[in-house]
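Inside the fold
Chain residues, written in single-letter form:
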Number of protein chains: 4
Amino acid sequence: MATMRANVFHGAGRFGIEEVQKPTPGAGEALLRVTLTTICGTDLHITSGEYAVRPGLVIGHEAVGSVEALGEGVRHVEIGQRVLVGAVTPCGQCRACLSGHPSQCGREAGYLALGGWRFGNTIDGAQAEYLLVPHAAANLAPIPDSVTDEQALMLADITSTGFSGAESANIRVGDAVVVFAQGPIGLCATAGARLRGAGLVIGVDPDPHRRAMAKRFGADVVLDPAVGDVAAEVRRLTDGGADVAIEALGTQRTFEGSLRSLRPAGTLSSLGVYSGKLDIPYDAFGAGVADYRLVTTLCPGGKERMRRLLEMVRNGHFDPAPLVTHRFRLDDIGAAYRLFGGRADGVMKVAITP
Amino acid sequence: MATMRANVFHGAGRFGIEEVQKPTPGAGEALLRVTLTTICGTDLHITSGEYAVRPGLVIGHEAVGSVEALGEGVRHVEIGQRVLVGAVTPCGQCRACLSGHPSQCGREAGYLALGGWRFGNTIDGAQAEYLLVPHAAANLAPIPDSVTDEQALMLADITSTGFSGAESANIRVGDAVVVFAQGPIGLCATAGARLRGAGLVIGVDPDPHRRAMAKRFGADVVLDPAVGDVAAEVRRLTDGGADVAIEALGTQRTFEGSLRSLRPAGTLSSLGVYSGKLDIPYDAFGAGVADYRLVTTLCPGGKERMRRLLEMVRNGHFDPAPLVTHRFRLDDIGAAYRLFGGRADGVMKVAITP
Amino acid sequence: MATMRANVFHGAGRFGIEEVQKPTPGAGEALLRVTLTTICGTDLHITSGEYAVRPGLVIGHEAVGSVEALGEGVRHVEIGQRVLVGAVTPCGQCRACLSGHPSQCGREAGYLALGGWRFGNTIDGAQAEYLLVPHAAANLAPIPDSVTDEQALMLADITSTGFSGAESANIRVGDAVVVFAQGPIGLCATAGARLRGAGLVIGVDPDPHRRAMAKRFGADVVLDPAVGDVAAEVRRLTDGGADVAIEALGTQRTFEGSLRSLRPAGTLSSLGVYSGKLDIPYDAFGAGVADYRLVTTLCPGGKERMRRLLEMVRNGHFDPAPLVTHRFRLDDIGAAYRLFGGRADGVMKVAITP
Amino acid sequence: MATMRANVFHGAGRFGIEEVQKPTPGAGEALLRVTLTTICGTDLHITSGEYAVRPGLVIGHEAVGSVEALGEGVRHVEIGQRVLVGAVTPCGQCRACLSGHPSQCGREAGYLALGGWRFGNTIDGAQAEYLLVPHAAANLAPIPDSVTDEQALMLADITSTGFSGAESANIRVGDAVVVFAQGPIGLCATAGARLRGAGLVIGVDPDPHRRAMAKRFGADVVLDPAVGDVAAEVRRLTDGGADVAIEALGTQRTFEGSLRSLRPAGTLSSLGVYSGKLDIPYDAFGAGVADYRLVTTLCPGGKERMRRLLEMVRNGHFDPAPLVTHRFRLDDIGAAYRLFGGRADGVMKVAITP
């Protein structure tokens, strides 16, 4: 029986590289030889036990690789082809997918939220030598030669999620947009706001290094939330409030700051993963009748989304390369988790090579 | 000096009919002789002191009337013409109006939420013999002969708001929609959901009379929230959750019930006026990444909105007449407030004749 | 070798029932035993040789049936289940499908227009005892018990297409809508306009029987294009032009009438299949800068679309039953074609039983 | 009686600078002292007699100026303030404006197309020392100090129109967009496509200088329509067709090229002013059922639109300055028309100082 090395979760704080069975693709599936993977903030929630997955699961949901084997019925891709697979892998054929909500792909009826996020959540994930891809016909995007593995890797979740914060908000040309938190996703949201034609983009983060990165990713102005009332400053800079606020962290503080930064009829586009109760203060909410919109978005996936993001990189319209600050071998993934989890050494994202 | 009788607010619990100065229209304004007005739930918030307005204000924001006098520069309407004016009176020319958010009409910069709601809020209102209409060029809608005063009166706020709950939710043909609370606005939201092509409309209300009205206004199924877990029942009836939930009351319970009734990627369209903090439970919210949308809407106003609603009534596509259950003279408005505030005698809406 | 009876096309004017091989479902496919099928206007274009398909093809694209056999990997449906399959059968997994254009489903690159319309076009169709359904996971919709076969049959193409004329036009509550031609698709467009909240629906057709049907399907006013200038009459009835015109025939005359009926910034939603050049007269087009929109729509398919339409029928919000005016056995399909092609005896649609 | 110098139209080929009465602002109007104006392609249609306006009219519709006098009721702007006024001047209060179609602003009923374009069309225009601005409350946009007169001037029509070609097309991140014709409006459409997040922008123009400018304004690839089949080349570069084609000239050839460049379900966004009949070839149109959309847009105006465009320039996200290639005094406007009309000396746009 063939085996492979993979990062297996066994319980809160217990995970690491071990030998597991190398999978074989069934009908409609593909097997990738992973050439590059990474760690996401969500993986930290999993390894800490905050977000529950089953023990024994291989974790990780971002991967670049080459096609190792194809199950029956998978066409339009070749063995050996270099491909990107999104963090979310919609089937394209269920009720959610056919209703235009592929990220919520799931069972025919009574499906659960987040159904389209499978890797390292409901099926084995990407921090491994090989990755079994479900619904392969809908989820393998060839990578153009001029796009590097590191660039492509950043598109699977970080860029797709960050951009979606701007896309879901329906930004119009000339809008004022504020982005709360400038981690990897917030930086991509900042870039995404610019890509949609924002007139003014304000980046908010307490970390001076991240504020500097924000300017590099397209922020016109950066603000430190530790200094003064950020929402009031946003309202001052925008003559009454931002048209759009993007929340990219997942805390009550950034959520409320986003809400208080808006002008009437503004849109709060939320990307954060929240825990506990979220409060909407009555006064900040215009008592519920100020025409505010609150939209939330799970990372868009599927090969067509990936193709579009790859096209942005290929033509030089967006470069996620600066997000990769550190590199590790798969066997050293413990060190990578410690660095990334501790936000040490100015880390943004790590690249991990099996 | 000419005077008129009007319902003047003086402080929490202190209001009543008195003689006040009859207004004169300035440039861009019109004076209506009010032929029918009514009381809104918001007026109860005002008279109880819960929602603050300045003492001395004439309250009420719904009116049908005839044009008594026109200020300079108001064209396209004639003296004596029977017109409807919306509860919200946008100017059409400020930043909010020109950005597509006329309900949030207001000062050029730094405008306040709810800016377009002026009558009985920031200027004298409709519970009076005469009503001064600002921005008259944008706010007077002629009433077709075949539409009665009582029908037209119900459009100014109740119908416009209720329908907007369905419109803002972007209902698609065949959607499952649940409407929490079947008061006047909830009933119009129910009708609005049908008018947008919903496939299944579920009406929720503890009052059996209102549930019966809900069926008359288009609900396919009605549920009593006092019996069992309404959200679970909605999820059962819809194989996993409603596509759209409309909240038409303004309480934590109905808000949370709406949220828990949704399928992933569903839309919560909120019409209620909330007070205090509103909680979004983490689990009901898919941790923030279930592609839920939460939209809030203030009553759309302006003469074109009113024209469209009048057209629906004129052609028999919607009849709000059953909402008017009781009738009073303006001098008896105290009794009308007591009946309406106490929800006595199956009251839905009252019609008040100056 | 098992055989079945089917309507095979051999060339312009040459087609008829014959014994052909009964198909066997491969991976991802399903075999239906057809219980009811029908003839579409497009089938007349095919049998006349106007629209080219390959000789030997079984024609027809509308079917109700029961599941006879399932290929590998098809779940969520059971043998014997009564199902509806749409005229267009998207795969859900190609670039067009994943871009939100499932009707244009097709090859990965360079795909042809109308790619999602397969039955009786690029693969064997529905006028047969059995029908092989591709991409079965995305295309089989269970029929609720309370919906009849004849009702369901009308949804596969006629209703889905007709409704889409209203849906693609983004009708708003209170819009004035004119529908040119009141054949089966035009009648469904008329009903669709009402289902989206139109304030005034005008139906246009030279046939008095069809004008009477139009009123039954929701038209407020009907016009005879043989009497006077229809577009001028529409502009008169709507104080300057319809907000939306739906073209449901496919001729220069109805296209141009639609265009001339619009008010500035109006939308022409075109459903017709055109041949030859289509002229857009300069004056009717506002010289190209009147903010007109022209949208075209191919019948939306897929099981979720069918589920939504079935839900409309199940809850009594739409009843297509009156469209079925004549019934035939499959062996008598020649007579059915003659009746339907000749528009004899007030025929709207025929129901054909294998 | 005060007079001013202005460019007056007297008939085909007959126009020039003369002394005319200096206007006085009435209620709701403002008088601008024009500091910079320009000539548009539409002005050439007018002076050639191709587009009819009344003799005696002052022509031109683009102006930067300072507020000289204000009529009654105009607030939020001060005498002496430097302002931009759009080419289209919506009132904000009529049926078209309140329906979300301000460019088609006009009479209450039966309004004509292009109603919002008034300057140099239905009222005196901008090629003059002074300009009377109607509906001033909705149409005066203060110019930030850091934006030059020449930059602002390019926004009134050219940039607003060009950008709108991209905006109306609903470009999505990663879309392939082709822009036919790279004159001033086409260049702004090219820039607009990039500002909306296009993944690949292809610029088409026979003039090598304009192709070079196209690259400067954001085109990834430029094509010469004189060499080979441009539409075929676009389909090749995009693996089957562009998602969006923007037509920015107004000829059958560019219109048809745009249509033939599209993939199924693509959008043709047309900005050109057409004359004569426009043909839609049956085959290029997918017989009318390929889910193509054809949208047309008249220059969006109003002070909020101008504010948004000024914000793009102020923050360095777009610079229209390179469009101004030649400068003239108002008294030399004849020479300016000859140069601009003859497309001599690489002229893109001229700046004319009164």
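Residue indices begin from 1 for each chain and proceed along its sequence in written order. Numbering of ligands from 1 and lettering of chains from A proceed in the order in which they are written. Only residues with pLDDT of 70 or above have their local features reported here, since the model is predicted, and side-chain atom pairs are shown and tallied only from 80 upward, although totals for entire chains, interfaces and linings are computed over all residues.

1. Focus on the domain arrangement of chain A
When the parts of a complex come together, some accessible area is lost, and that lost area is often used as the size of the interface. All names here are of chain A. Boundaries between domains were set according to an automatic or database domain assignment. For chain A, the assigned domains read domain 1 (3-142 + 320-353) and domain 2 (162-296). On a C-alpha basis, the centroid separation for the pair domain 1 and domain 2 is 29 Å. We call two residues in contact when the distance between their C-beta atoms, placed using the backbone, is within 7 Å. On the side of domain 2, six residues touch domain 1, which itself brings seven residues to the contact. Charged residues are taken to be Asp, Glu, Lys and Arg, nonpolar residues to be Ala, Val, Leu, Ile, Met, Phe, Trp, Tyr, Cys and Pro, and polar residues to be all remaining types, Gly included. The residue makeup of the side of domain 1 that touches domain 2, split by class, is three nonpolar, two polar and two charged.

2. Let's talk about the packing of helix α3 (residues 149-168) of chain A against helix α4 (residues 184-195) of chain A
Residue and element names in this part refer to chain A. Helix axes are fitted to C-alpha atoms over the stretch in contact, other axes to C-alpha atoms as well, and angles between N-to-C directions run from 0 to 180 degrees. Strands are runs of DSSP state E lasting at least two residues, helices are runs of H or I lasting at least four, and both sets are numbered from the N terminus onward. α4 packs onto α3 with a crossing angle of 50° between their chain directions and a minimal axis gap of 7 Å. Relative to α4, the element α3 lies oblique. Considering only the axes of α3 and α4, their crossing is right-handed. Contacts between α3 and α4 involve Ile158, Thr159, Thr161, Gly162, Phe163, Gly165, Ala166 and Glu167 on the former and, on the latter, Pro184, Ile185, Gly186, Leu187, Cys188, Ala189, Ala191, Gly192, Ala193 and Leu195. Here the contact of α3 with α4 is composed, by residue class, of 11 nonpolar, six polar and one charged. Roughly parallel here means an angle under 35 degrees, roughly antiparallel means over 145, roughly perpendicular means 65 to 115, and every remaining angle is called oblique. Two helices crossing with the near one rotated counterclockwise from the far one by less than a right angle form a left-handed crossing, whereas a clockwise rotation gives a right-handed crossing.

3. Brief notes about the environment of alanine 96 of chain D
Residue and element names in this part refer to chain D. Among the structural elements, alanine 96 can be located in helix α2 (residues 95-98). Neighbour counting defines burial: a residue surrounded by 20 or more other C-beta atoms within 10 Å of its own C-beta is buried, one with 12 or fewer is exposed, and intermediate counts give partly exposed, using backbone-placed C-beta atoms. Taking the number of C-beta atoms within 10 Å as the measure of exposure, alanine 96 has 26 and is therefore buried. Between the C-alpha atom of alanine 96 and that of glycine 106, which follows or precedes it by 10 residues, the distance is 6.8 Å.

4. With respect to the interface of chain D and chain C
Chain D puts 41 residues into the contact, and the matching count from chain C is 41 residues. Contributions of two or more residues to the side of chain D that touches chain C are made by β12 (262-270), β13 (278-280) and β14 (293-296) of chain D. Sort the elements by how many residues they give to the side of chain D that touches chain C and β14 of chain D lands first, with four residues. Taken together, the residues of the side of chain D that touches chain C sort by class into 21 nonpolar, 15 polar and five charged. Two elements, strand β13 (residues 278-280) of chain C and β13 of chain D, share three bridges in a ladder whose sense is antiparallel. In the sheet register, leucine 278 of chain C faces β13 of chain D, and the bridge partner there is isoleucine 280 of chain D. DSSP bridges decide pairing: two strands pair if at least two such bridges lie between them.

5. Comments concerning the sheet that holds strand β14 (residues 293-296) of chain C
Across the sheet, 12 strands lie side by side as β10(C)-β9(C)-β8(C)-β11(C)-β12(C)-β14(C)-β14(D)-β12(D)-β11(D)-β8(D)-β9(D)-β10(D); this open sheet has mixed pairing. The open sheet has two edge strands, β10 (221-223) of chain C together with β10 (221-223) of chain D, and neither has a second partner. This sheet shows a mean twist of 20° between the axes of neighbouring strands, independent of strand direction. Across the sheet, helix α8 (residues 252-261) of chain C touches β8 (176-180), β11 (242-247) and β12 (262-270) of chain C, and the angle it forms with β11 of chain C is around 170°.

6. A look at the pairing of strand β6 (residues 130-133) of chain B
Residue and element names in this part refer to chain B. Both faces of β6 are covered, namely the face carrying Tyr130 and Leu132 and the face carrying Leu131 and Val133. Sheet topology note: the strand β3 (residues 30-37)/β6 ladder contains four bridges and is antiparallel. Bridge pairing in β6 links arginine 33 to tyrosine 130.

7. Describing the interface of chain B and chain A
Each side of the interface is counted separately: chain B has 41 residues, and chain A has 41 residues. Elements with a minimum of two residues in the side of chain B that touches chain A: β12 (262-270), β13 (278-280) and β14 (293-296) of chain B. When residues of the side of chain B that touches chain A are assigned to their parent elements, the largest contribution, four residues, is made by β14 of chain B. Of the residues that constitute the side of chain B that touches chain A, the class distribution is 21 nonpolar, 15 polar and five charged.

8. Comments concerning the pairing of β8 of chain C
All names here are of chain C. Across the five residues that make up β8, a large majority, five, are buried. Crossover handedness is defined here as right-handed if the route from the first strand over the helix to the second strand goes clockwise, with the strands pointing away from the viewer. With helix α5 (residues 184-195) bridging β8 and the parallel strand β9 (residues 200-204), this β-α-β connection has right-handed handedness. By the bridge criterion, four bridges tie β8 to β11 in an arrangement that is parallel. By the bridge assignment, phenylalanine 180 is partnered in β11 with glutamate 247.

9. Description of the nonpolar core
Core membership is restricted to buried Ala, Val, Leu, Ile, Met, Phe, Trp, Tyr and Cys residues, and these are joined into a nonpolar core through C-beta atoms within 7 Å. Formed by 514 residues in total, the largest nonpolar core has its most connected members in Ile246 of chain A, Ile246 of chain B, Ile246 of chain C together with Ile246 of chain D. It is α3 of chain A that contributes the most residues to this core, eight residues altogether. Not counting residues up to four positions away in its chain, the partners in contact with isoleucine 246 of chain C are Gly165, Ala166, Ala169, Val177, Val179, Phe180, Ala189, Ala193, Ser269 and Leu271 of chain C.

10. Remarks on the environment of aspartate 229 of chain D
Residue and element names in this part refer to chain D. The topology assignment puts aspartate 229 in the loop between β10 and α7 (230-237). Residue aspartate 229 is classed as exposed on the basis of its C-beta count, with 12 C-beta atoms lying within 10 Å. Separated by 126 residues in sequence, aspartate 229 and serine 103 place their C-alpha atoms 36 Å apart.

11. So, the relation of the copies chain B and chain A
Least-squares superposition of the copies uses the C-alpha atoms of those residues scoring a pLDDT of at least 70 in each of them. Of the transformation superimposing chain B on chain A, the axial component is 0.0 Å and the angular component is 180°, with the fit at an RMSD of 0.0 Å. Such a turn and shift between the copies fits a two-fold axis. Comparing interface residues between copies, 100% of those in chain B also sit at the interface in chain A, which points to an isologous, same-surface contact.

12. Considering the environment of glycine 301 of chain D
Residues and elements named next belong to chain D. By secondary structure assignment, the location of glycine 301 is in the loop between β14 and α9 (303-314). Overall, the presence of 30 C-beta atoms within 10 Å leaves glycine 301 in the buried class. Leaving out residues up to four positions away in the same chain, glycine 301 has contacts with Gly86, Ala87, Val88, Thr89, Pro90, Pro102, Ser103, Gly116 and Ser160.

13. Quick notes on helix α5 (residues 184-195) of chain B
Residues and elements named next belong to chain B. What a helix should span is 1.5 Å times the count of its residues minus one. Helix length check: α5, at 12 residues, gives a terminal C-alpha distance of 16 Å against a target of 16 Å (1.5 Å per residue), a fit within 8%. Counting buried positions over the 12 residues of α5 gives 12, a clear majority of the element. Looking only at α5, the buried set comprises Pro184, Ile185, Gly186, Leu187, Cys188, Ala189, Thr190, Ala191, Gly192, Ala193, Arg194 and Leu195. Packed against the buried residues of α5 are α4 (155-168), β8 (176-180), β9 (200-204), α6 (208-216), β11 (242-247) and β16 (349-353). Within two residues after α5, glycine 197 carries a phi angle of roughly 100°, on the positive side.

14. Here's the deal with the relation of the copies chain D and chain C
The operation relating chain D to chain C is a screw motion whose rotation component is 180°, with 0.0 Å of axial translation and a residual RMSD of 0.0 Å. A shared interface surface links the copies, since 100% of the contact residues of chain D are contact residues in chain C too.

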